[in-house]
Amino acid sequence: SYVNHLTFPLVTRHKKNHLIWIFKGAMRTDVLLMSPWLAPIMWEGTFNRDILNAQYRQKNFVVGVATFAVKKYVRFIEGFLGSANKFFLSGHRVNFYLFTDHPEKVPSMKLAPEKSLVIIPVQNYSRWQDISMNRMDIISNHIRTHWRYEVDYLYSMDIDVQMFEHIGVEIIDTLVGTISSWQYTKPRDSNSYERRPESRAAIPSGEGDFYYAASFYGGSVSEVYKLTTACFKGVTEDRANGIEAKWHEESHLNKYLLYHKPTRLLSPEYYWDEELIRPRIIRVKRLSSVRKDLKEVRF
Ligand code: UDP
Ligand code: MN
């Protein structure tokens with residue numbers, strides 16, 4: 001019975017495998033398991049996927065994934081969808097919403113029966129920064145017109161990524177941010193927040209909790225609506241003031257999540273940057289960026 005894992009010393013001597021497993025999971029002492037505002041941080045070895053799946057299945061949620069493949073980024077569609085079909089919320093209902101300026105270049109792919117793909121035409125912009133930043137606006141508009149009627153939870157993901165391990169229902173919560181893999185390679189105060197007070201993304205020096213990646217965030221449809229609307233408002237005001245935040249919409253996302261704390265955090269397992277050497281605390285690489293020649297792919 002699950003009561004056993006509340007009685008900590010008894011469980012270690014328990015011979016039933018699953019209880020020992022649960023206990024081992026709670027044993028990670030090498031990483032932070034909870035934020036100071038009590039949001040759990042998801043790490044391999046801290047949860048039992050079978051228990052989470054059984055609970056989640058009773059709710060019959062539909063999850064939407066918003067992703068963009070504009071201009072040369074259409075080349076990443078196949079790797080993204082192929083791996084997400086296998087590893088993203090495996091066995092659960094997911095609608096992938098792919099925004100692209102080249103619908104005719106989307107490869108036809110056979111997805112699992114509980115997965116579906118919706119292709120949405122979108123215009124392109126000449127600057128890659130604008131393509132990236134305008135995602136916030138497109139997502140916020142599409143929530144208002146479609147997603148609030150279609151899905152329960154919504155996640156925004158970069159397309160230039162590939163999944164290698166399960167990303168399951170442990171990511172589902174009201175407001176979810178992913179801790180940037182870069183945070184683990186630098187001391188906290190040398191992180192990348194926008195500090196210039198002229199930008200609407202500015203975070204005063206000395207402030208900030210985690211540094212979050214714009215490549216993967218999400219939550220309930222209503223929370224993602226508030227987030228994307230607020231971030232794009234910041235982008236628009238910066239444009240009017242002739243300033244662009246250091247890391248574009250990621251800077252605005254970080255400002256938003258500082259003042260609207262995420263209810264759950266994903267460890268860098270959920271977005272590993274291939275530029276970095278993986279430390280031992282990252283036991284699995286669930287998703288990582290695909291190496292790209294920036295000069296070639298963005299122009
Ligand atoms: N993107 C795109 N076409 C572009 C530039 C960006 O479709 O020309 C989209 C794509 O979904 C990409 C995301 O914007 O994953 C973020 O841009 P990028 O991956 O280049 O940023 P990085 O992860 O390198 O910071
Ligand atoms: Mn990317």
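Residues numbered from 1 in each chain as written. Chains lettered and ligands numbered in written order. Predicted model: local features only at pLDDT ≥ 70, side-chain atom pairs only at ≥ 80, totals over all residues. Heavy atoms only, no water.

(A) Inspection of the UniProt feature "binding site: UDP-N-acetyl-alpha-D-galactosamine" (unreviewed entry) in the chain at higher detail. Under the UniProt annotation, "binding site: UDP-N-acetyl-alpha-D-galactosamine" (unreviewed entry) lies at Phe68, Ala69, Val70, Tyr73, Asp158, Ile159 and Asp160. The greatest C-alpha distance among the residues just named is 11.3 Å, despite their covering 93 residues of sequence, which places them together in space. By relative accessible area, Tyr73 is classed as buried at 17%. Discounting residues that sit within four places of it in the chain, Tyr73 has contacts with Ile159, Asp160, Lys292, Val297 and Arg298. Ile159 sits in the buried class, given a relative accessible area of 3%. Not counting residues within four places of it along the chain, the set of residues in contact with Ile159 comprises Thr67, Phe68, Ala69, Tyr73, Phe76, Ile77, Phe80 and Leu98. (UniProt positions renumbered as here; feature names shortened; annotations may be inferred. Buried < 20%, exposed > 50% of the residue type's maximum accessible area, 1.4 Å probe, protein only. Contact = heavy atoms within 4.5 Å.)

(B) Here's a closer look at the site of ligand 1. Taken together, 14 residues surround ligand 1, and among them Phe68, Val70, Tyr73, Lys292 and Arg298 come closest. The separation between an oxygen atom of ligand 1 and a polar main-chain atom of Phe68 is 2.6 Å. One of the side-chain N or O atoms of Tyr73 is found 2.5 Å from an oxygen atom in ligand 1. Out of a free accessible area of 520 Å², ligand 1 has 87% covered by protein chains. Contributions of two or more residues to the shell around ligand 1 are made by β2 (63–69) and α5 (128–150). By residue number, the principal contributor to the shell around ligand 1 is α5, which donates four residues. (Near = heavy atom within 4 Å. Polar contact = N/O pair within 3.5 Å; in protein donor to acceptor, adjacent residues only side chain to side chain. Areas by Shrake-Rupley, 256 points an atom, 1.4 Å probe, with all protein chains shown as cover. Helix = DSSP H or I, 4+ residues; strand = E, 2+ residues; numbered from the N terminus.)

(C) Focus on the sheet that holds strand β1 (residues 41–42). The sheet built from eight strands is open, its strands ordered β1-β9-β7-β8-β5-β2-β3-β4 with mixed pairing. Each edge of the open sheet is held by one strand with a lone partner, namely β1 and β4 (115–121). In terms of strand pairing, β2 meets strand β3 (residues 94–100) through seven bridges, oriented parallel. What sits directly across from Ala69, in β3, is Thr100. Here helix α7 (residues 249–259) sits on the sheet and contacts β7 (175–179) and β8 (212–220); the angle it forms with β8, its principal contact strand, is near 50 degrees. (Pairing = 2+ DSSP bridges. Axes fitted to C-alpha atoms, helices over the stretch in contact; angles between N-to-C directions.)

(D) Local environment of the environment of Glu274. Along the polypeptide, Glu274 turns up in the loop between β9 (264–266) and β10 (287–289). With 14 residues separating them in the primary sequence, Glu274 and Ser288 have C-alpha atoms 6.3 Å apart. If near-sequence neighbours (up to four positions away) are discounted, Glu274 is found in contact with Lys285, Ser288, Ser289 and Arg291. Among the polar contacts made by the side chain of Glu274, one reaches the side chain of Lys285 at a distance of 2.8 Å.

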